[in-house]
Amino acid sequence: MELLASIAALCAIAMLLLVIGTVAQRGAPALSVGFFTNVDAAFLQTGGGIENAIVGTLIMTGIATAMAVPVGVLLAIFSTEFAPPPVAAAVRMTLNVLAGVPTIVIGVFVYGLLVVGRGQSSFAAAVALAIIMLPLIARSTEEVLLLVPSTLREGGMALGATRARTVLTVILPTAFGGVITATIVAVARAAGETAPIIFTSSIFANAVVTDPSQPMASLPYTIFTKSELPSASDQQQAWAAALVLISFVLLGSIIGRLLSIRTRRQIEQTR
Amino acid sequence: MSMESPQPLTLPTRSRPRFGDLGLRTIAGSAAVVLTAIMVAIVYQVVREAHASIGQFGLGFLTDNEWNAVTNRFGALDLIWGTLYSSLLALLIAVPVAIAIGLYLSELAPSFLRTPVALMVELLAAIPSVVLGLWGILVLGPFLADHVEPFLGDNLGFIPLFSGTPSSHGMLPAVVVLTIMIVPIVASISRELFSSVPSDLKQGAMALGATRWEMVRSVAIPQVSGGLVAAVMLGFARAVGEAIAVSQVIGGTLNQSWSLFAPADTMAGRIASQYQGAATALQRSSLAYLAVILLVISLIANVSAQLISGRIQRRMGIRT
């Protein structure tokens, strides 16, 4: 039985290494300075790069983060510090349900909300990404807030501070590392999402676009379309773009994970 | 996806909240209003987009296998088949593997291996689905079509599962890709579940002379069986809702075949591939109808998974 369980774990690790290895092996040859500093090549021409896709992914994820982090952190504060237990349970339930809504459905939702009648925009894509990030940020911030020892809360109150002041000056700073961690993990997740983008930011100029009211290229969408093209150079670009994306996503996940272990340890030391 | 979270601390409060408290409370509370508004708006908007199709086809949409933009007749039966078939097959493979990984990480692995192995399993979940799809379409699909499917067809072709012509796009690569996606989800939940079994129960069983396997089988698994059901439901919901990677590898063909080699399509995959370029308003509305079905499945799966795990936590005396 122990053998079987070890084999199962090995299988998962093997799949991870297999996918990463294949992406690295096929993508690395196409990486060059020009790949990062050029936009996609014109039709029937080779070369070209993913500059516009990288810029687009950074801008869209950035806008989404700016929307999702404040709301997510406030939600966590509300459910841990202010809400009566049944309300907190309802908030938690809603967060889990929202986290379970398929991302393609969120794409359909934002399409109807922001794209119909107005046309595509990277802002619409960012709203869709923010909806995906929100439950991730709120839930992991909440977990960290709950780790903050109650002695700190009581200490703040005993000093005559209001609950709000205790939250803002004692609890949030203690949990700050946790908020950062939650943000990193959510950004890594959002940067790789394709489904919310394909209806909201998929018809774009082949140039670096920085205006959020216009649709932009993005790394996931570039991989998505180029993976289905027959030409070998397109496919190689898809692999290279995947290598860039996966490095970013995995790095974010690893850093987030290590930070969260550190934050937990630090908070536990304050107990 | 934490299955347990400690109870929020309730402190004795002053009879009248102070002004600063009220301010922060209002701002934080408004975030909860935003959350509720998003959830309600998603349901409202998607149902509204599907309204024309729901009015036209009603529940017959679920039992009609025609999907034709020329005659403007749409039914979801083949897509429902493709969705359920691919998701259930993926679950069938993923669940035993994932539970074994959960056991390995919580009970069996040497302690110095637990953190790195758990991290790697988590990273598997972090791979963007479009990258898995890229790998599926260019590496996995051709490999299955050239090596695995001919072998299965030659030797086990009498089973309907392995009948038909090998193809690089089809059910089999979709099932493999979905399996890779579900395993880490179910594995990390089952690891948490097994870790939550009180150690005196585990040690008690061992002290009575049970082997590790007997302890797992007779103590750990029965303790968390409800939670495992919840984990399986969440994995199922994830598989049903996956659009991108599946649309890349499954072939996008309407089909109701037992064959793993045949191309098929799923509800989420069809939305991904057709929503943008829908030929008629009714087609777009019918795709939104598919989104409504996905939404209903995900709501049911998530809510019941939470009810189940909430009940277990109360029973096991874990603070919720």
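Residues numbered from 1 in each chain as written. Chains lettered and ligands numbered in written order. Predicted model: local features only at pLDDT ≥ 70, side-chain atom pairs only at ≥ 80, totals over all residues.

A tally of helices and strands in chain A yields ten helices and zero strands. Counting from the amino terminus, helix and strand elements in chain A follow one another as α-α-α-α-α-α-α-α-α-α. Overall, the C-alpha framework of chain A stretches about 70 × 55 × 35 Å when taken along its three principal axes. Burial analysis of chain A (271 residues in total) assigns 53% to the buried set. For chain A, restricting intrachain contacts to residue pairs at least 6 apart in sequence, the fraction spanning at least 24 positions comes to 77%. (Helix = DSSP H or I, 4+ residues; strand = E, 2+ residues; numbered from the N terminus. Buried ≥ 20, exposed ≤ 12 C-beta atoms within 10 Å, placed from the backbone. Contact = placed C-beta atoms within 7 Å.)

Glancing now at the overall build of chain B. Check the secondary structure of chain B and you find ten helices and two strands. If one aligns the C-alpha atoms of chain B with their principal axes, the spans along those axes are about 65 × 60 × 30 Å. Counting all 320 residues of chain B, 52% fall into the buried class. Counting only contacts in chain B whose residues sit at least 6 apart along the sequence, the fraction spanning at least 24 positions is 76%.

Looking now at helix α6 (residues 122-147) of chain A. All names here are of chain A. Helix length check: α6 (26 residues) gives 37 Å between terminal C-alpha atoms against 38 Å at 1.5 Å per residue, within 8%. Of all the bends in α6, the greatest reaches close to 30° and is centred on Met133; the proline Pro135 follows between one and four positions later. Extensive coverage of α6 is indicated by the burial of 23 of its 26 residues. (Expected span 1.5 Å × (residues − 1). Bend = angle between axes of the 7 residues up to and from the residue.)

Take unusual backbone geometry next. One non-glycine residue, Asn72(B), adopts positive backbone phi at about 60°. Relative to the assigned elements, Asn72(B) resides in the loop between β1 (67-68) and β2 (73-74).

So, about the packing of helix α9 (residues 219-227) of chain A against helix α10 (residues 232-269) of chain A. All names here are of chain A. In contact at an axis separation of 8 Å, α9 and α10 are set at 150° when each is read in the N-to-C sense. Looking at the two axes, α9 sits roughly antiparallel to α10. Here α9 runs over α10; the crossing is left-handed. Across the interface between the two elements, Leu219, Pro220, Thr222, Ile223, Lys226 and Ser227 of α9 pack against Asp234, Gln235, Gln237, Ala238, Ala241, Ala242, Val244 and Leu245 of α10. Residue classes in the contact of α9 with α10 are distributed as eight nonpolar, four polar and two charged. (Axes fitted to C-alpha atoms, helices over the stretch in contact; angles between N-to-C directions. Parallel < 35°, antiparallel > 145°, perpendicular 65-115°, else oblique. Left-handed = near helix turned anticlockwise from the far one by under 90°. Nonpolar A, V, L, I, M, F, W, Y, C, P; charged D, E, K, R; others polar.)

Bringing the interface of chain B and chain A into the picture now. Interfaces are often sized by the amount of accessible area the parts lose when they come together. Listed by partner, the interface residues are 77 residues for chain B and 73 residues for chain A. Looking at which element gives the most residues to the side of chain B that touches chain A, the answer is helix α1 (residues 19-57) of chain B, with 19 residues. The residue makeup of the side of chain B that touches chain A, split by class, is 56 nonpolar, 15 polar and six charged.

What follows covers α9(A). Burial of α9(A) is extensive: eight of the nine residues sit out of reach of the surface. Listing the buried residues of α9(A) in full gives Leu219(A), Pro220(A), Tyr221(A), Thr222(A), Ile223(A), Phe224(A), Lys226(A) and Ser227(A).

Moving on: the packing of helix α4 (residues 129-156) of chain B against helix α5 (residues 171-196) of chain B. Residues and elements named next belong to chain B. Contact pair α4 / α5: the axes reach a minimum separation of 9 Å and the direction vectors enclose 135°. By the angle between their directions, the pair α4 and α5 is classed as oblique. Judged by the sense of rotation from one axis to the other, the crossing of α4 with α5 is right-handed. Every residue of α5 that contacts α4 at Ser129, Leu132, Gly133, Gly136, Leu140, Gly141, Leu144 and Glu149 is listed here: Leu172, Pro173, Val176, Val177, Ile180 and Met181. Taken together, the residues of the contact of α4 with α5 sort by class into nine nonpolar, four polar and one charged.

Residue and element names in this part refer to chain B. Take Pro166: it is sitting in the loop between α4 and α5. C-alpha separation for the pair Pro166 and Gly141, spaced 25 residues apart in sequence, amounts to 9.9 Å. Residue contacts for Pro166: discarding those within four places in its chain leaves Ala145, Glu149, Pro150, Gly153 and Phe261.

Residue and element names in this part refer to chain B. Following the sequence through the fold, Ser30 ends up in helix α1. For Ser30, a count of 15 C-beta atoms within 10 Å puts it in the partly exposed group. Here the alpha-carbon distance between Ser30 and Leu108, two residues 78 residues apart in the chain, equals 46 Å.

Another point: the confidence of the model for chain B. Residues of chain B with pLDDT of at least 70 account for 92%, and the chain-wide mean is 87. Scoring of the predicted complex yields 0.90 for pTM and 0.91 for ipTM. (pLDDT = per-residue confidence, 0-100.)

Turning to the environment of Ser233(A), a few remarks are in order. Residue and element names in this part refer to chain A. Mapped onto the elements, Ser233 comes out in helix α10. Judged by C-beta crowding, with 15 C-beta atoms within 10 Å, Ser233 ranks as partly exposed. The sequence separation of Ser233 and Gly49 amounts to 184 residues, and the corresponding C-alpha distance is 11 Å.

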